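Residue-level structural notes
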Amino acid sequence: MRARWLGPRTAIVFIGPKAAPSSKTRRTMRNKTPLLQIVVLGLAVGGAAAGAACGSDGGGNTLAPTPTGTPTGTTAPPMDGAAPVDLDASVDATPPEPPVPVWADTEALAWLNLKCAACHGIDAKGVAALYYSAWPMAAGGVSKAYLETSELTPVAYQTILNRLIGPEGVTPSPMPVAKPDAAARLELRAILAWFDRALPLSVVDADGRYGNDTSTKAKVILNFKCEKPSTLRQFMSRFFYGALDRPPNAGELSKYTTAMLDAPVTVAQRLALVTLIETTLKTEFLDSGLRKLGTTIGGGPSVANPPALPANVINDLRDEFYNLMRAKYNTTNYHDLFTMKEVMVSPATASLYAGCTGPASGWASCAIQAPRDGYFTTVGFLTSKPMSFMQESNNYGRVSRLYFTVYGETLLPATAGPSGEAIPALPTCLEGTDTRTFVGAPRGAAAVPLFGKVCQSCHLGRHMAAGAVLFRPYARNGSIFDTATLGNAGTADADQFMAMTGTPDWKYTAGGVEKPVDAAYLKALLSVSTSGSPAACILEGSSTYVPVKGVADLANKLMSNKAGLSRGFMRHAHRAFQNSPNITLEMGLRAMQVYDGKTQHLPDLVRAYFLSDSLACEVQ
Amino acid sequence: MTVQRRHAFLLMAVAVVGVPLVACDDGSSGPTTEAPPAATTPNPDPTTGPTTTPTTPTPTTTTTAPLPPRLVDGVVNPVRPAFQTKSSVQVRKSVIGCFGGNSTKIEAGMIVGGTPVGGVTPFLAAGTFSPGQDIVTAQAGLFDGDPDALKVGVRGDQLTLEYLTALRNTANVVGWRCVNNMVDDPSLCQCDTDAKAEAMLARCIGDVVSPSNVKWAPLATDLKNMCTPTPPNVNTSGRGVAVASLVSSLTFAKLP
């Protein structure tokens, strides 16, 4: 059954900055990308930068206008105190519960850090708690800024909600799993009310992901204020270093008087500057700023030294995705870059792809052939995480890297800790034959989730198992295994093949009998993944599994969460352009807003990034 | 002044004289302000959800008017480190933007064991550097840190000993080339008058320091004095000291 949370009695619905979508559009969005309904924003920047939120679209106001006639920050929040949480009667038919306490940010954060850090924290010495990987809380505890923009916050919210009202076996698992007593219920209701009030976008995200009932919720308008606007000089420096890796030169500064440079930057000034990278400074931006962005998203710096690839090839692989971004800069939607059947090749890398003839110099486009099916199966991506199915990590790192590329957040490995009790069965749509263990420890795509419910939180909930099946055809150096020759001398990763089949440490279980891993078993695993219809599926919502046909299909399903995808772009952009890992909620909303528009080409997103108010606002 | 003494003076100036130029650091990392609690509107009490009546179907929804929007105030609250160093690319472009082309190239006379030029003792480690290299590119690893760390993170933002070393080497190369008039436009190395010193400041750190800042004029005076020491140094080494000091200053190394 679907969780029903009527606590604050508010909901979040689409109130676009432009006209609300047509009914047809809304239907489409509901069917395909439910989160698009939830973009709710009305930005107003206070102080000298007033109106700065309105300049991201050629001077047009692309955000919701500042609400007028509505007092901001002065109305007492009556909902939590006056409106008690009303749980679904079929879930809990107990008498009405006491009113929900209204927690301030400090109370709520203290509660989270107290209740959650024992399992998800990390101490000052870097010793992580048992479930740190599932929700890595910073050493000093979580902050509101972190929660506002983390991809994991909706999951954390849902675990709390599920603890309060979730039925048995629901995913994500309630934390802690014990049924709460009355006092604990009151705390849970208070923290859920705080989430709804303080982190509305995360709640919207969770509602979309897990199918929570939002039918009784009201729309939310987020009203931002910048209390310390940047000066024009500060903004110019930030913009030029970010986009072009250089300071503004004398000529560029001289277009403004000293007084203008030292005054708060205006919307018009920001717009004029950002427009430069689409006009006179475009080539310079493509050479410098876009390169940073491309290597950040594509993991270029981490293209390692997989076997049998010479240095010049590796160097070009580091720029593979950047060159795709550059070639498609004005013509292709951001998300399509990851699934299009095209790769950019240089004279050094063309031979890595079947049927590709390299250019004499520079870069050229080439159609990639099956089983490769998009960016995540290019040699550039695969060698940024060189591994294979014939090693302990079993391509889980590649799934994690895919997740990072899409969402901009890292999944952490966890190879120790409690596995959880009451192991649910694997879905029948998921291959169940990879039961490999190494010295008794589960390593196979089926073995890990069958080890415990906790293991399933990542290996099913975050698609590790399905990804391991789908990435199986690819070797450490990004080449494609051939079932017939797997393990033969001179073939890719033959050393790993020998290591896995030459030791009793590696075993698998079939028909209840444990056997040593041998060549026939590995070839059988590989043949499943190269069959064209691999047995892989992923969890959608709390309990529904949907099949995935390949790596691109897996990526597409992840990218259907447009909120997560657009926030991920912002995270990458902020790392690339400002060398900073933490975006603001406002930046995330800026990117989400691009997904309300007609196109999501790179210039749309880059412009949204540089026009975000957060870049024109100083730290308090 | 002997070559060694002048070299020592150059390095001392790099290390010490650079400090006053830090005075204009405007970074701050004070506590942030959390968004205030949401301002909300009262709402009616919609009754939804399935009923528990087993026999008679009961309407499960009411036709209440749409709820008025809930307003949530937020503060644009960027999180930035108090100090961020420039990347190697940014350092190189900053130097070239300030002193023009050909200002970062290593010459044989800079490498220990080479023949001193312009009276400046060679200062770059032999075996590590070679003539023709770009000093910033050659030290990119020191400026940028471990590229492996960039997999899912960001470049380090703390001033490390490695970074300072790389910056000092870069500053000395630029100073050396200015002393020996071996940049494309030697006029960009001029700083021996108030006007020229101010022009150099505007060109080199004008993106972070405003001429309207009360510290601007004293800064320019310091730079000019460094450029024209009293008593005068032999040849033009004062210019080299001034240029090297500016390049090695934290203000120059810091991202705005």
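Residues numbered from 1 in each chain as written. Chains lettered and ligands numbered in written order. Predicted model: local features only at pLDDT ≥ 70, side-chain atom pairs only at ≥ 80, totals over all residues. Heavy atoms only, no water.

**Concerning the overall build of chain B**
We count it as follows: For helices the rule is a DSSP run of H or I covering at least 4 residues; for strands it is a run of E covering at least 2, with both sets numbered from the N terminus onward. The buried label applies to any residue whose accessible area, calculated with a 1.4 Å probe on protein chains only, is under 20% of its type's maximum; exposed applies above 50%, and partly exposed to all values in between. Accessibility throughout is a Shrake-Rupley quantity obtained with a 1.4 Å probe, and a residue counts as covered only by protein chains that appear here.
A count of helices and strands for chain B gives 9 helices and 1 strand. In sequence order, chain B lays out its α and β elements as α-β-α-α-α-α-α-α-α-α. Counting the 256 residues in chain B, one finds 44% classified as buried. If you sum the accessible surface of chain B, you get close to 11200 Å²; carbon and sulfur atoms cover 60% of it.

**Quick notes on the overall build of chain A**
Using the following cut-off: Residues are treated as being in contact if the distance between any of their heavy atoms lies within 4.5 Å.
On a plain count of helices and strands, chain A comes out with 25 helices and 9 strands. Long-range pairs, those at least 24 residues apart, make up 71% of the contacts in chain A between residues at least 6 apart in sequence.

**Things to note about the packing of aromatic side chains**
All names here are of chain A. Selection criterion: Pairs were defined over the aromatic rings of Phe, Tyr and Trp, the Trp ring being its six-membered one, requiring ring centres within 6.5 Å. Orientation was assigned from the angle between planes: stacked under 30 degrees, edge-to-face over 60, tilted for the rest.
Under the criterion given, the structure shown has 26 aromatic pairs over all chains. Ring centres 5.5 Å apart and planes at 15° place the aromatic pair F321 and F338 in the stacked group. Here F321, found in helix α15 (residues 320-327), pairs with F338, found in the loop between α15 and β2 (342-345); they are 17 residues apart in sequence, far enough to count as distant. When sorted by exposure, F321 lands in the same class as F338, which is buried. Ring centres 5.0 Å apart and planes at 40° place the aromatic pair F438 and W506 in the tilted group. With F438 in strand β4 (residues 437-438) and W506 in strand β6 (residues 506-510), the pair connects residues that are 68 residues apart, well separated along the chain. Judged by relative accessible area, F438 falls into the partly exposed class, the value being 23%.

**Some words on the sheet that holds β6 of chain A**
The criterion, for reference: By this definition, two strands are paired if DSSP reports at least two bridges between them.
Spatially, the 4 strands line up as an open sheet ordered β5-β4-β6-β7 (chain A), and their pairing is antiparallel. One side of each edge strand has no neighbouring strand; the edge strands of this open sheet are β5 (441-442) and β7 (513-516) of chain A.

**Focus on the environment of I480 of chain A**
Residue and element names in this part refer to chain A. With respect to the helices and strands, the residue I480 is situated in the loop between α19 (464-470) and α20 (494-501). The class for I480 is partly exposed, based on a relative accessible area of 34%. Separated by 12 residues in the primary sequence, I480 and A492 place their C-alpha atoms 8.3 Å from one another. In contact with I480, other than residues within four places in its own chain, are P371, R372, P473 and Y474.

**A closer look at the nonpolar core**
We apply this condition: Throughout this description, the term nonpolar core refers to a set of buried Ala, Val, Leu, Ile, Met, Phe, Trp, Tyr and Cys residues connected via side-chain atoms within 4.5 Å.
Formed by 118 residues in total, the largest nonpolar core has its most connected members in F285 and F610 of chain A. The element that contributes the greatest number of residues to this core is helix α6 (residues 182-198) of chain A, accounting for 8 residues. Leave out the neighbours within four places in its chain, and F285 of chain A touches A243, L244, I277, L290, Y329, F577, V606 and F610 of chain A. In this structure, Y163, C178, A197 and V247 of chain B belong to the second largest nonpolar core, which totals 46 residues.

**Comments concerning the pattern of salt bridges**
All names here are of chain A. Test applied: When a carboxyl oxygen of Asp or Glu is within 4 Å of a side-chain nitrogen of Lys or Arg, the pair counts as a salt bridge.
Taken as a whole and judged by the stated rule, the model has 26 salt bridges over all chains. D613 is the partner of R270 in a salt bridge, and the nearest nitrogen-oxygen pair spans 3.0 Å. One end of the pair, R270, is in helix α11 (residues 267-276); the other, D613, is in the segment after α25 (602-610), with 343 residues separating them in the sequence. Between K328 and E342 there is a salt bridge whose closest N-O contact spans 2.6 Å. Note that K328 is positioned in the loop between α15 and β2 and E342 in strand β2, a separation of 14 residues in sequence. Relative accessible area serves as the criterion here: at 15%, K328 is assigned to the buried category. The structure contains a network of salt bridges with shared partners spanning R270, E586, R590 and D613.

**Observations regarding the state of the cysteines**
Residue and element names in this part refer to chain B. The test is simple: Cysteine sulfur pairs qualify as disulfides if the two atoms are within 2.5 Å.
All told, the structure shown has 6 disulfides over all chains when counted by the stated rule. Each sulfur of the disulfide joining C98 and C204 lies 1.5 Å from the other. With a gap of 106 residues between them, C98 in helix α2 (residues 88-99) and C204 in helix α6 (residues 194-205) connect regions that are remote in the sequence. The class of C204 is buried, set by a relative accessible area of 4%. Here C178 is linked by a disulfide to C189, with a sulfur-sulfur distance of 1.9 Å. The chirality of the disulfide connecting C178 with C189 is left-handed, given an S-S dihedral of about -65°. Taken as a pair, C178 in helix α5 (residues 161-179) and C189 in the loop between α5 and α6 lie far apart in primary sequence, 11 residues in all. Accessibility classification places C178 together with C189 in one group, the buried group. Along chain B, the cysteines that take part in disulfide bonds pair up as 1-5, 2-3, 4-6, counted in sequence order.

**Description of the side chain of K562 of chain A**
Residue and element names in this part refer to chain A. Definition in use: Charge assignment: positive for Lys and Arg, negative for Asp and Glu; neither His nor the chain ends contribute. Counting of polar contacts relies on pairs of N or O atoms within 3.5 Å, with two restrictions inside protein: one atom must be capable of donating a hydrogen and the other of accepting it, and residues adjacent in sequence are counted only when both atoms are side-chain atoms.
Residue placement: K562 occurs in helix α23 (residues 562-578). Nearest to the buried, unbridged K562 among oppositely charged side chains is D336, at 7.1 Å. Only 3.3 Å separates the side chain of K562 from the backbone oxygen of M559, close enough to count as a polar contact.

**A few points about the pairing of β6 of chain A**
Residue and element names in this part refer to chain A. Pairing of β4 with β6, which is carried by 2 bridges, proceeds in the antiparallel orientation. Each bridged residue has a counterpart across the sheet, and for F438 the counterpart in β6 is W506. Bridging between β6 and β7 involves 4 bridges; their strand directions are antiparallel. Within β7, the residue paired with K507 across the bridge is P516.

**Some remarks on α23 of chain A**
All names here are of chain A. Test applied: One less than the number of residues in a helix, times 1.5 Å, gives the span that helix is expected to have.
With 17 residues, α23 ought to run about 24 Å at 1.5 Å a step, and its terminal C-alpha atoms sit 23 Å apart, in line with that. Of all the 17 residues making up α23, 17 are buried; the element is thus mostly covered by neighbouring parts of the structure. N579 sits one or two positions beyond α23 and adopts a positive phi of about 55°.

**Quick word on the packing of helix α5 (residues 153-165) of chain A against helix α7 (residues 200-210) of chain A**
Residues and elements named next belong to chain A. Heads up, the condition is: Between N-to-C directions, angles span 0 to 180 degrees; the directions come from axes that are lines fitted to C-alpha atoms, helices contributing only their stretch in contact. Any angle that falls under 35 degrees is termed roughly parallel, while one over 145 is termed roughly antiparallel, one within 65 to 115 roughly perpendicular, and all others oblique. Just so you know the grouping, Ala, Val, Leu, Ile, Met, Phe, Trp, Tyr, Cys and Pro go in nonpolar, Asp, Glu, Lys and Arg go in charged, and all remaining residues, Gly too, go in polar.
Where α5 meets α7, the axes come as close as 8 Å, and the angle between the chain directions of the two elements is 75°. When the axis of α5 is compared with that of α7, the two are roughly perpendicular. Along its contact with α5, which presents T153, P154, V155, Y157 and Q158, the element α7 presents S202, V203, D205, A206, R209 and Y210. Partitioning the contact of α5 with α7 into residue classes produces 6 nonpolar, 3 polar and 2 charged.

**Some details on the packing of α5 of chain A against α6 of chain A**
Packed helices, taken two at a time, are described by their axes: the angle between them and the distance between them. All names here are of chain A. Our working rule: Handedness of a crossing is defined here by the sense of rotation of the near helix relative to the far one, left-handed for an anticlockwise turn of less than a right angle and right-handed for a clockwise turn.
It is at 10 Å that the axes of α5 and α6 come closest, and there the two elements cross at 145°. In this structure, α5 crosses over α6, and the sense of that crossing is left-handed. Taking contact as the criterion, the partners of T153, Y157, I160, L161, R163 and L164 in α5 are, on α6, A184, R185, L188, R189, I191, L192 and F195.

**Notes on unusual backbone geometry**
Residues and elements named next belong to chain A. Here the residue pair A370 and P371 is connected by a cis peptide bond, since its omega of 5° sits within 30 degrees of zero. Inspection of the secondary structure assignment puts P371 in the loop between β3 (364-367) and α16 (379-383). Here the phi dihedral of D493 falls at roughly 60°; this positive angle occurs in a residue that is not glycine. Among the structural elements, D493 can be located in the loop between α19 and α20.

**Here we look at the pairing of strand β8 (residues 537-540) of chain A**
Residue and element names in this part refer to chain A. Where β8 meets strand β9 (residues 544-547), 4 bridges bridge the pair, whose relative direction is antiparallel. Each residue of the ladder has a partner; that of I538, found in β9, is V546. What sits between the antiparallel neighbours β8 and β9 is a turn of 3 residues, in which G541 has the positive phi angle 80°.

**Concerning the environment of Q158 of chain B**
All names here are of chain B. Assignment of secondary structure puts Q158 in the loop between α4 (140-144) and α5. The exposure class assigned to Q158 is exposed, which follows from its relative accessible area of 61%. It is 25 Å that separates the C-alpha atoms of Q158 and K215, two residues lying 57 residues apart in sequence.

**Remarks on the confidence of the model for chain A**
Residue and element names in this part refer to chain A. Going by this rule: As a per-residue quantity, pLDDT reports the predictor's confidence and falls between 0 and 100.
In the predicted model, chain A carries a mean pLDDT of 79, and 80% of its residues have values of at least 70. Per-element confidence in chain A is highest for helix α12 (residues 282-287), whose mean pLDDT is 97, and lowest for helix α2 (residues 78-82), whose mean pLDDT is 33. Below a pLDDT of 50 lies the segment residues 1-93, which in the model reaches 241 contacts outside its immediate sequence neighbourhood of four places, other chains included.

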